[in-house]
Amino acid sequence: MAEPRLSVCLTFDFDAMSLWIGSFKTRSLPAISRGEFGGHVMPRILELLARQDVTATFFVPGHTALAFPGAVRAIANAGHEIGHHGWVHEDPAELDVDAEREVLEKGLDALERVAGVVPRGYRSPGCTFSEQTSDLLREFGFLYDSSCSASDFMPYYLRTGDRFSLTEPYAFGEPTDLVELPFSWSLDDFPLFEFCPGFSTAQATPARVRELWQGEFDFAYDHVAGGVFDLCMHPQVIGRGPRLHMLEGLIEYMKAKPGVTFETMLAHAERWKAANPIDRWVAQNPERAGTRSVDAL
Ligand code: ZN
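Conventions we followed
- Residues numbered from 1 in each chain as written.
- Predicted model: local features only at pLDDT ≥ 70, side-chain atom pairs only at ≥ 80, totals over all residues.
- Heavy atoms only, no water.
- Donors = N, O, S within 2.8 Å, 3.2 Å for Na, K, Ca; no water.
- Tetrahedral: all angles 85-135°; square planar, octahedral: opposite > 155°, others 65-115°.
- Buried < 20%, exposed > 50% of the residue type's maximum accessible area, 1.4 Å probe, protein only.
- 1 Å grid on protein atoms, 1.4 Å probe; cavity = no way out; pocket = protein on both sides within 12 Å on 5 of 7 lines; lining within 4 Å.
- Points joined across faces, edges and corners; volume = space filled by probe spheres on them.
- Nonpolar A, V, L, I, M, F, W, Y, C, P; charged D, E, K, R; others polar.
- Helix = DSSP H or I, 4+ residues; strand = E, 2+ residues; numbered from the N terminus.
- Contact = heavy atoms within 4.5 Å.
- Expected span 1.5 Å × (residues − 1).
- Patch = residues over 30% accessible without salt bridge, like charges linked within 9 Å, V, L, I, M, F, W, Y side chains within 5 Å.
- Areas by Shrake-Rupley, 256 points an atom, 1.4 Å probe, with all protein chains shown as cover.
- Salt bridge = Lys/Arg side-chain N within 4 Å of Asp/Glu carboxyl O.
- Arc of directions from axis to C-beta.
- Pairing = 2+ DSSP bridges.

Visitor: Quick one: what's the story with the coordination of the zinc ion, residue by residue and with numbers?
Guide: Coordination sphere of the zinc ion, protein contribution only: Asp15 (OD), Asp15 (OD), His85 (NE2) and His89 (NE2), at 2.1 to 2.5 Å. If you look at the zinc ion, its 4 donor atoms make angles of 54 to 137° with each other, and the shape they trace is irregular. Written as a sequence motif, the donor arrangement for the zinc ion is D-x69-H-x3-H. One exposure class covers both His85 and His89, and it is buried.

Given below as structure tokens:
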């Protein structure tokens, strides 16, 4: 296969009820039922992907896998990738190292038990890290993460050991072999569409979101050869009819562009890592290692 000009990774964070319980910490059944809607619409999302003949990546908390084992098996059986997304959508920054390790283990156990998969990719619930998250991901053998935003469309290697304070210069840590496939809140359906007081009440129209997303895609296609366009969606959000209709139109628009390929994040991360040995990459990207910062002079 010729090297694609731009890869499109459709990603779905199948949070279901865990988002409302773990992140928003609600005890309210009506709020939790908004997550249950994600399970309800999984068949129509899988049908759309099959109709368009594209493979995608689903980040699934262990809590969701146990609640909706049929849907999670259907994801795996359709050839889509399943990535790790915590146990019950807890914020890693609120956990000590033992609790964070336990959450990773519980998520892995649930995905293995339900779908027989061992994920190689991770997206943090809410896209937050503790200071030890990237080290734990390497300890557990993950190949890539997709929670950080230091690039828009070009993968990079994550560092460990950055140090920062209000008084000292930013101290860059050491690059590791953990691949980062960049995430952006502007390419996330939740804050654009959902009514969630204290977080977002945007409720944009599908046409408005398509304008935003297609504009980002067009820039990536024109200016970031070899990059990855990572769209982050949630079944409970994108699963509403008009929004899915918009997504299908956008997929058809992107598919019509020469040199665009749809692939899982795992496939992209493996290919990018093989093409970018870390020593060479660090030499070519000194700003990522902070070797040009004033502190390093
Ligand atoms: Zn999530």
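There is more to say, and it comes next.
Visitor: Please set out the layout of surface pockets residue by residue, giving values where relevant.
Guide: It is a probe the size of a water molecule, rolled over the atoms, that shows where empty space is left. By volume, the largest pocket amounts to about 560 Å³. If you go around the largest pocket, you meet 19 residues; those closest to its centre are Phe129, Arg159, Asp162, Phe164 and Tyr170. Its residues placed into classes, the lining of the largest pocket shows 8 nonpolar, 6 polar and 5 charged. Taken as a whole, the second largest pocket encloses approximately 230 Å³ of empty space. Lining the second largest pocket are 18 residues, and of these Leu19, His89, Gly126, Trp185 and Phe199 lie nearest its centre.

Visitor: With reference to specific residues and values, describe the side chain of Ser200.
Guide: Note on placement: Ser200 falls in the loop between α8 (189-193) and α9 (206-223). Beyond its immediate chain neighbours, meaning those up to four positions away, Ser200 contacts Pro191, Glu194 and Phe195.

Visitor: How would you summarise empty space enclosed by the protein if you had to cite specific residues and measurements?
Guide: Scanning the model with the defined rule gives 1 cavity of 30 Å³ or more in all. Size it by volume and the largest cavity reaches roughly 50 Å³. Looking at the largest cavity, the residues that line it are Gly86, Glu90, Pro92, Leu95, Glu100, Val103, Leu104, Tyr122 and Pro125. It is helix α6 (residues 97-115) that provides the largest number of residues to the lining of the largest cavity, a total of 3 residues. Looking at the lining of the largest cavity residue by residue, the class counts come to 6 nonpolar, 1 polar and 2 charged.

Visitor: Break down helix α11 (residues 241-255) for me, with residues and values.
Guide: End to end, α11 covers 21 Å across 15 residues, agreeing with the expected 21 Å (1.5 Å per residue, within 8%). Arg243, Leu244, Met246, Leu247, Glu248, Gly249, Leu250, Ile251 and Met254 are the residues of α11 that are buried.

Visitor: Report on a nonpolar patch on the surface, specifying residues and quantitative values.
Guide: Judged by side-chain polarity, Phe164, Tyr170 and Phe172 come together as a nonpolar surface patch covering roughly 310 Å² of accessible area. Its location among the elements puts Tyr170 in the loop between β6 (156-160) and β7 (174-180). The exposure class assigned to Tyr170 is partly exposed, which follows from its relative accessible area of 38%.

Visitor: Tell me about helix α12 (residues 265-275), and please be specific about residues and values.
Guide: Those residues of α12 lying buried are Met265, His268, Ala269 and Trp272. Taken around the axis of α12, the buried residues stretch over an arc of 95°, which confines them to a single face.

Visitor: Tell me about the pairing of strand β1 (residues 6-13), and name the residues and values.
Guide: With 8 of 8 residues buried, β1 lies mostly within the body of the structure. Burial along β1 is two-sided: Leu6, Val8, Leu10 and Phe12 facing one way and Ser7, Cys9, Thr11 and Asp13 facing the other are all buried. Taken together, the 7 bridges between β1 and strand β8 (residues 227-233) define a ladder with parallel strand orientation. Its bridge partner being in β8, Leu6 is matched across the sheet by Gly227. Note that β1 and strand β9 (residues 260-262) share 3 bridges and pair parallel.

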